[in-house]
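The primary structure of each chain is shown beneath.
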Amino acid sequence: MARIFMKGCEAIAEAAVRAGCRFFAGYPITPQNEIPEYFARRMPEVGGVFIQGESEVASVNMVYGAASAGTRSMTSSSSPGVALKSEGISYCAAARIPMVYANISRGGPGVGSIHPAQMDYFQATKASGNGGFEMMVFAPSSVQEAVDMTYNAFDYADRDRNPVLILADGVIGTMMEPVELPEAKSDDEVAAIKASKKVWACTGHKLDYSNRGWIQPGNWSTTVMQNENIKAAELYKSWEKEAQAEEYLVEDAEVVIASYGISARIAKSAVEELRKEGFKVGLIRPITVHPFPYKAFDSINYDTCKAVLDVEMSIPAQFVHDVAIGVKERCPIETCLCSGGNIMSREAIIESAKKICGK
């Protein structure tokens, strides 16, 4: 398959279209603007619908409506915009509505900065909205991964009838790389996917509780609501076997870097430089940050490992809390952090790793 040079945000949008996404609603915010811009051009070509809502809140609820009718649907935003969409995302989780969204994250808190950051980790993996619901969350470290994850996210969403998040950042979203795009689903395949949802989708007939003539994001009955939460918890637990991670030169490492997304990509280049200089450094990169691949940290030889080095673009550190659960106090954990829209420095990682090796 031919490789195409694409910007991250545009590649995410194209992957979604090829996966059968036929409805997108969004609202402008940097650095994710190229996603809705691309959808605005592309959706008419495939018979889909693009809407720029009057706000983030309006946009996510439009997605809630379209997805409730069985159409593969998506939205995207960046950090504070995702915070505004959190209620609608929670409604989709409560009503068991499959949808996909992308967070091309930027600095925070508040309005923060428009530059890349990884400061939405807790929001993405612990509390994307009220009520304690969970989602599968994928963290790409390249544009190609962003394409593959977005394409597959729609299948995960439909399988589980649950939101799925692509947690990227302003670097992945705005950088350009060659990618191989997946085969586009045909019109017949898209129609078949929608038809398969008739057993639960809102079809427009009159209200009838027995055949799901409506979509309900919750229930006044405490018994029903508790039972729904129990079912959801069982679903979330089933994801543990699907946790994914890349382990790179971990076996003999005296320092193991733990990082995700663009920071992990930078860290991997630091590992290669350090190895050339004779320093035994490895990398664990979670590909899914929820479910988190805690078992990957069992691959570390704690007899020789001096420390795990948490590398992330967040101050205070957030990702480190899951790293600590994986490490289980078997060695110290050090940090190499940046924030406020500053991009992680390979030199800072190298310096931090050398300092640990010298202890």
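Fair warning: this is a prediction, and the values are worked out from it, not measured in the lab. (Residues numbered from 1 in each chain as written. Predicted model: local features only at pLDDT ≥ 70, side-chain atom pairs only at ≥ 80, totals over all residues. Heavy atoms only, no water.)

Q: So what exactly am I meant to see when it comes to the overall build of the protein chain here?
A: When you go through the protein chain residue by residue, the secondary structure sums to 12 helices and 14 strands. Counting only residues that meet the buried cut, the protein chain has 55% of its 359 residues in that class. Of all intrachain contacts in the protein chain linking residues separated by at least 6 positions in sequence, the fraction that spans at least 24 positions is 80%. When the accessible surface of the protein chain is totalled, it reaches about 15200 Å², and 54% of it is carbon and sulfur. Treating the 36 positive side-chain charges of the protein chain as one cloud and the 44 negative ones as another, the clouds have centres 3 Å apart. (Helix = DSSP H or I, 4+ residues; strand = E, 2+ residues; numbered from the N terminus. Buried < 20%, exposed > 50% of the residue type's maximum accessible area, 1.4 Å probe, protein only. Contact = heavy atoms within 4.5 Å. Areas by Shrake-Rupley, 256 points an atom, 1.4 Å probe, with all protein chains shown as cover. Lys, Arg positive; Asp, Glu negative; His and termini not counted. Charge placed at Lys NZ, Arg CZ, Asp CG, Glu CD.)

Q: Got a minute to help me understand the domain arrangement of the protein chain in this structure?
A: Each assigned domain of the protein chain is listed with its residue range as follows: domain 1 (3–197 + 232–237) and domain 2 (245–357). Summarising the inter-unit geometry, the C-alpha centres of domain 1 and domain 2 are found 28 Å apart. Counting residues at the interface gives 28 residues for domain 1 and 27 residues for domain 2. Interface area for domain 1 against domain 2, summed over the two sides, is near 2300 Å², with a carbon-plus-sulfur share of 53%. When the buried area of domain 1 at its contact with domain 2 is split by residue, Gln118, Met119 and Tyr121 rank highest and sum to 32% of it. For the interface between domain 1 and domain 2, the tally reads 3 salt bridges. Salt-bridge contacts for Glu177 lead to Arg265; the nearest nitrogen and oxygen are separated by 2.3 Å. The tally of links between domain 1 and domain 2 comes to 17 residue pairs in polar contact (both at pLDDT 80 or more). For the side of domain 1 that touches domain 2, the elements supplying multiple residues, two or more each, are helix H5 (121–125), strand S6 (136–138), helix H6 (143–160), strand S7 (163–169) and helix H7 (170–174). (Domains from an automatic or database assignment. Buried area = accessible area lost by both parts, 1.4 Å probe. Salt bridge = Lys/Arg side-chain N within 4 Å of Asp/Glu carboxyl O. Polar contact = N/O pair within 3.5 Å; in protein donor to acceptor, adjacent residues only side chain to side chain.)

Q: Help me understand the sheet that holds strand S3 (residues 49–52), please; the structure alone is not making it clear to me.
A: Sheets are built from strands paired through backbone hydrogen bonds, the pairs being either parallel or antiparallel. Spatial ordering of the open sheet is given by S3-S2-S4-S5-S7-S6-S12, a layout of 7 strands whose pairing is mixed. Taken across any chain shown, the strands that pair with only one partner, and hence form the sheet edges, are S3 and strand S12 (288–290). Shown here is a sheet whose adjacent strand axes are inclined to one another by a mean of 20 degrees, direction ignored. Sheet topology places strand S2 (residues 23–26) next to strand S4 (residues 73–77); 2 bridges connect them, and they run parallel. In the sheet register, Phe24 faces S4, and the bridge partner there is Met74. (Pairing = 2+ DSSP bridges. Axes fitted to C-alpha atoms, helices over the stretch in contact; angles between N-to-C directions.)

Q: I keep staring at the packing of helix H3 (residues 56–68) against helix H4 (residues 80–94) and nothing clicks. Help me out?
A: Each packed pair of helices is defined by two parameters, the angle between the axes and the distance between the axes. Here H3 crosses H4 at 25 degrees, and the two axes come no closer than 8 Å. By the angle between their directions, the pair H3 and H4 is classed as roughly parallel. The crossing of H3 and H4 is right-handed. Each of Glu56, Val57, Ser59, Val60, Asn61 and Tyr64 in H3 lies in contact with H4, whose residues at this interface are Gly81, Leu84, Lys85, Gly88, Ile89, Tyr91 and Cys92. (Parallel < 35°, antiparallel > 145°, perpendicular 65-115°, else oblique. Left-handed = near helix turned anticlockwise from the far one by under 90°.)

Q: Looking at this model, I keep getting lost on the sheet that holds strand S13 (residues 307–312). Mind explaining?
A: Within the open sheet, the 5 strands sit side by side as S9-S11-S10-S13-S14. Their pairing is mixed. Only two strands of the sheet have a single partner each, and these edge strands are strand S9 (245–248) and strand S14 (333–337). Ignoring which end each strand starts from, the neighbouring axes of this sheet average 20 degrees apart. Where S13 lies against S14, 5 bridges are found, and the strand directions are parallel. Its bridge partner being in S14, Leu309 is matched across the sheet by Glu334. Across the sheet, helix H11 (residues 319–327) touches strand S10 (255–258), strand S11 (281–286), S13 and S14, and the angle it forms with S13 is around 155 degrees.

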